[in-house]
Amino acid sequence: MTVGATTDTLACGLAFAEAYAAGDEVRLETLLAPDVRQREIAPGEIVKLRGAPEVLREAREFLAAYDSHETLAVDVERVGERVRAGTRWRLRRGDDAWIVEWWEFLTVDDGRISAIDVVCSGAVREAGAGAA
């Protein structure tokens, strides 16, 4: 693999993580291959999705469950030929707040994400949040 391809792969992973963190569905769509495959492990569920519209729908529905989200951290690095994107958010609904963290392992082909494997913490109530 050439140095240019390595940089492009990492840049694609970073653009994906930033677009997802911003809830930028238009940008996400440009980064996803039309037939992207996503597999996700989250507490109590295993999710399998196929195609950019399904991946975008899943992200939209997740965000819709909360009033707001705040990005606390985004970390991206290479893992062999793949990209690992780690993201942590604070989610809010009314006075309640949760922290969620996930690690996505991305396969990038021809500058677009063709596969996403996700491990998610699930939304965990933030210490001191909400009514006591």
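Scroll up to find the structure.
Reading the values: rules and limits
- Residue indices begin from 1 for each chain and proceed along its sequence in written order.
- Residues qualify for local features only when their pLDDT is at least 70, as the model is predicted, and side-chain atom pairs are given and counted only at 80 or more; totals for whole chains, interfaces and linings, by contrast, use all residues.
- To get the side-chain values, take all heavy atoms of the structure and skip hydrogens and water.
- Any residue with an atom within 4 Å of a point lines the site, the site being either a cavity, points on a 1 Å grid over the protein atoms alone where a 1.4 Å probe fits but cannot get out, or a pocket, an open set with protein on both sides within 12 Å along at least 5 of 7 lines.
- Grid points are joined across faces, edges and corners, and a volume is the space filled by probe spheres set on the points.
- In this description a helix means any DSSP run of H or I spanning at least four residues, a strand means any run of E spanning at least two, and both kinds are numbered starting from the N terminus.
- As a working rule, the residues Ala, Val, Leu, Ile, Met, Phe, Trp, Tyr, Cys and Pro are called nonpolar, Asp, Glu, Lys and Arg charged, and the rest polar, with Gly in that last group.
- Salt bridge, as applied in this entry: a Lys or Arg side-chain nitrogen positioned within 4 Å of an Asp or Glu carboxyl oxygen.
- Each residue is placed in one exposure class: buried if its accessible area under a 1.4 Å probe, protein chains only, is under 20% of its type's maximum, exposed if it is over 50%, and partly exposed if it falls in between.

(A) Empty space enclosed by the protein, seen in detail. With the rule as written, the count across this model stands at one cavity of 30 Å³ or more. The volume enclosed by the largest cavity comes to roughly 40 Å³. Phe-16, Tyr-20, Leu-28, Leu-32, Val-55, Leu-56 and Ala-59 together form the lining of the largest cavity. Every element with two or more residues in the lining of the largest cavity is listed here: helix 1 (3-22) and helix 3 (52-64). Counting residues per element, the lining of the largest cavity draws most heavily on helix 3, at three residues. Classifying every residue of the lining of the largest cavity gives seven nonpolar, no polar and no charged.

(B) Inspection of the pattern of salt bridges at higher detail. Counted according to the given criterion, the structure contains twelve salt bridges. Between Glu-70 and Arg-90 there is a salt bridge, with its nearest N and O atoms 2.9 Å apart. With Glu-70 in strand 3 (residues 68-79) and Arg-90 in strand 4 (residues 82-93), the pair connects residues that are 20 residues apart, well separated along the chain. On the basis of relative accessible area, Glu-70 is assigned to the partly exposed category, the value being 37%. The partner of Arg-125 in a salt bridge is Asp-96, and the shortest N-O contact between them spans 3.3 Å. A residue pair is termed long-range when its members are at least 10 positions apart, and Arg-125 in strand 7 (residues 124-125) and Asp-96 in strand 5 (residues 96-109) qualify at 29 residues. Three or more residues are tied together by salt bridges with common partners; here these are Arg-37, Arg-39, Arg-82 and Asp-117.

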